[in-house]
Amino acid sequence: GIYVEQITKNGPADNTELKEGDIITNIDGKELNTMNDLREYIYTKKPNDEVTLKVTRGKISKEIKLVLGKK
């Protein structure tokens, strides 16, 4: 998974349930192992597309919807 080190203020993730320290394990059902996996997937999308992230926070696993911003 991908460790969320920082959430950019006023960025697309700032107004979601995603928090610093979360681990993103997949996006739209696609498993993520590296940051490059995430980048490659996001570059196939357009601004304002909605994606679903599966994240682990401690022992809790949850899905978070996120609307993509401009590249």
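Residues numbered from 1 in each chain as written. Predicted model: local features only at pLDDT ≥ 70, side-chain atom pairs only at ≥ 80, totals over all residues. Heavy atoms only, no water.

Visitor: Would you mind going over the pairing of strand β2 (residues 23-27) with me for this structure?
Guide: Moving residue by residue along a regular strand, the side chains alternate between the two faces of the sheet. Note: strand β1 (residues 2-3) against β2, two bridges, orientation antiparallel. Its bridge partner being in β2, Tyr3 is matched across the sheet by Ile23. Across four bridges, β2 lies against strand β4 (residues 50-57) in antiparallel orientation. Of the residues in β4, the one forming a bridge with Ile23 is Thr56. One ladder, built from two bridges, connects β2 with strand β3 (residues 30-31); its direction is antiparallel. Residue pairing in the sheet places Asn26 in a bridge with Glu31 of β3. (Pairing = 2+ DSSP bridges. Helix = DSSP H or I, 4+ residues; strand = E, 2+ residues; numbered from the N terminus.)

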